Amino acid sequence: MIIAAQNLVTGDGATLLKDGAIVVDKGIICEVGLGREIMSRYPDESVVDYGKATILPGLFDMHVHLGYYYSQPDLDNYDDFLIAYYAAKQAETAFTQGITTIRDLSSPHNLCKQLRLAGEKGYVTIPRLIHTDAGICMTGGHGHTDGIEQVDGVDNIRAAIRRQHRDGADWIKLLTSHRSDIPEFTQEELNAAVDECHRRNIRTAVHAGTQPSIEMCINAGFDTIEHGTFMTVAQAEKMVENGQAWTPTITAYTYLYEYCRKLQAEGGDLSNPVAAAAARDCAYFEPAARAYRDNFKRLYATGVTVLAGSDMVLYGAPPMPINRELGYMVEYGITPLEAIRTATVNPARVLGLAAVTGQLAIGLTADVLVVGGDAATDIAALNDVKCVYFGGKMVYQSRQ
Ligand SMILES: [Zn+2]
């Protein structure tokens, strides 16, 4: 099968082919090049020509919580069965956003392991799923009301990592800051967590949004810093030296800021605990949203590896809005091709999947997204998902 369109973005952050095409055979990309040339070389292949659209690699969402049902209005209904259905639905929905690989950064224990197994068995059709199982916070720390495992002390942290890895976690996630400047884990605990992971070749992500938690986590050596909301340029430079990556999650904080501003202006239902917490923390989200807007370009310019992650868990919010995340990055100063890179080749490398997916390149899996318009000049093209192929198989097609 040949897939062709007027624009083809390979995902490496630089390459755009005009009138490009790929050849897909048995789920693998076996040619990438100019459409006319490819069609003359493969005259017998069927051709799907998307005209003025853009073909690009299937996207990654590097910060997802498939099983976070905590802001649903009818919480009482959510037993393990309904949570599993909910997570499966979330995972399916990712395809409609052009997402073909998800890193889940904490969901209820065992949920992602079983969801992935259900996918392998063909019970559900979902994106590629990398996960951290339940995540780890200190007793009473950030996320403890959302099913995160509460652990204190160096030895217990090592034991929790061993347990979660035994139970299927691909990565380990710690949470060490909330909406204040008080770090939760001690430096000793953070260092031990990274040491336990790295000596066993496990990669590790950490929720750190404020100072000095960000500094402590960079020094501890975490592979990805999640949020890094108030990160400084000097810290980003240190991350470059250390080979650490940053998942800013701009959309989540900007959405929460707009959400609580609206609540303040118009009032609203605060019976839901997640909504009530958002309203309470408006004073945090305002400077948080501003920090992303004011600092993103300068932080990006250090060369730090940026990863696109949506982290959207609020009831009524758009699911996995990776299009918005890339939209903010462009609004705050980088090019569409650079933004697309944060959801393609960058995450593929960080996850160790660069030989599998993340680019339109010969030998990689045919995870392919087709969007209306020219995504290389207008990132809003990502809002118009036409078609998604996962391993060469069509998993989503828009009705228009
Ligand atoms: Zn999160």
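In this text, all values refer to a predicted model and were calculated from it rather than measured experimentally.

Q: Let's hear about the environment of Arg-280: which residues, and what values?
A: Within the secondary structure layout, Arg-280 lies in helix H9 (residues 273–280). It is 34 Å that separates the C-alpha atoms of Arg-280 and Arg-203, two residues lying 77 residues apart in sequence.

Q: Lay out a nonpolar patch on the surface with the relevant residues and their values.
A: A contiguous nonpolar surface patch, about 380 Å² in accessible area, is contributed by Phe-81, Leu-82 and Tyr-85. The residue Tyr-85 is located in helix H2 (residues 80–96) in this model. On the basis of relative accessibility, which here comes to 64%, the residue Tyr-85 falls in the exposed class.

Q: Account for the packing of helix H5 (residues 187–198) against helix H6 (residues 213–220), with residues named and values stated.
A: Helix packing for two helices is described by the angle between their axes and how far apart those axes are. In contact at an axis separation of 9 Å, H5 and H6 are set at 40° when each is read in the N-to-C sense. Regarding H5 and H6, the two cross each other, and that crossing is right-handed. Here H5 contributes Gln-187, Leu-190, Asn-191 and Val-194 to the contact with H6, which in turn contributes Met-216, Cys-217, Asn-219 and Ala-220. The residue makeup of the contact of H5 with H6, split by class, is 5 nonpolar, 3 polar and no charged.

Q: Let's hear about the domain arrangement of the protein chain: which residues, and what values?
A: Structurally, the protein chain comprises domain 1 (2–57 + 359–397) and domain 2 (59–350). The C-alpha centroid of domain 2 is placed 29 Å from the C-alpha centroid of domain 1. Contact residues are listed per partner, giving 26 residues for domain 1 and 22 residues for domain 2. With both chains or domains summed, domain 1 and domain 2 bury close to 1900 Å², and 71% of this area falls on carbon and sulfur atoms. Looking only at domain 1, the three residues that lose the most surface to domain 2 are Ile-379, Leu-382 and Phe-390, adding up to 28% of its buried area. Residue Arg-128 pairs with Asp-367 through a salt bridge whose shortest N-O separation is 2.9 Å. At the boundary of domain 1 and domain 2, one finds 5 residue pairs in polar contact (both at pLDDT 80 or more). Among the secondary structure elements, those contributing two or more residues to the side of domain 1 that touches domain 2 are strand S5 (54–57), strand S17 (385–390) and strand S18 (393–397). Tallied by class, the residues present in the side of domain 1 that touches domain 2 amount to 16 nonpolar, 6 polar and 4 charged.

Reading the values: the criteria
Residues numbered from 1 in each chain as written. Predicted model: local features only at pLDDT ≥ 70, side-chain atom pairs only at ≥ 80, totals over all residues. Heavy atoms only, no water. Helix = DSSP H or I, 4+ residues; strand = E, 2+ residues; numbered from the N terminus. Patch = residues over 30% accessible without salt bridge, like charges linked within 9 Å, V, L, I, M, F, W, Y side chains within 5 Å. Areas by Shrake-Rupley, 256 points an atom, 1.4 Å probe, with all protein chains shown as cover. Salt bridge = Lys/Arg side-chain N within 4 Å of Asp/Glu carboxyl O. Buried < 20%, exposed > 50% of the residue type's maximum accessible area, 1.4 Å probe, protein only. Axes fitted to C-alpha atoms, helices over the stretch in contact; angles between N-to-C directions. Left-handed = near helix turned anticlockwise from the far one by under 90°. Contact = heavy atoms within 4.5 Å. Nonpolar A, V, L, I, M, F, W, Y, C, P; charged D, E, K, R; others polar. Domains from an automatic or database assignment. Buried area = accessible area lost by both parts, 1.4 Å probe. Polar contact = N/O pair within 3.5 Å; in protein donor to acceptor, adjacent residues only side chain to side chain.

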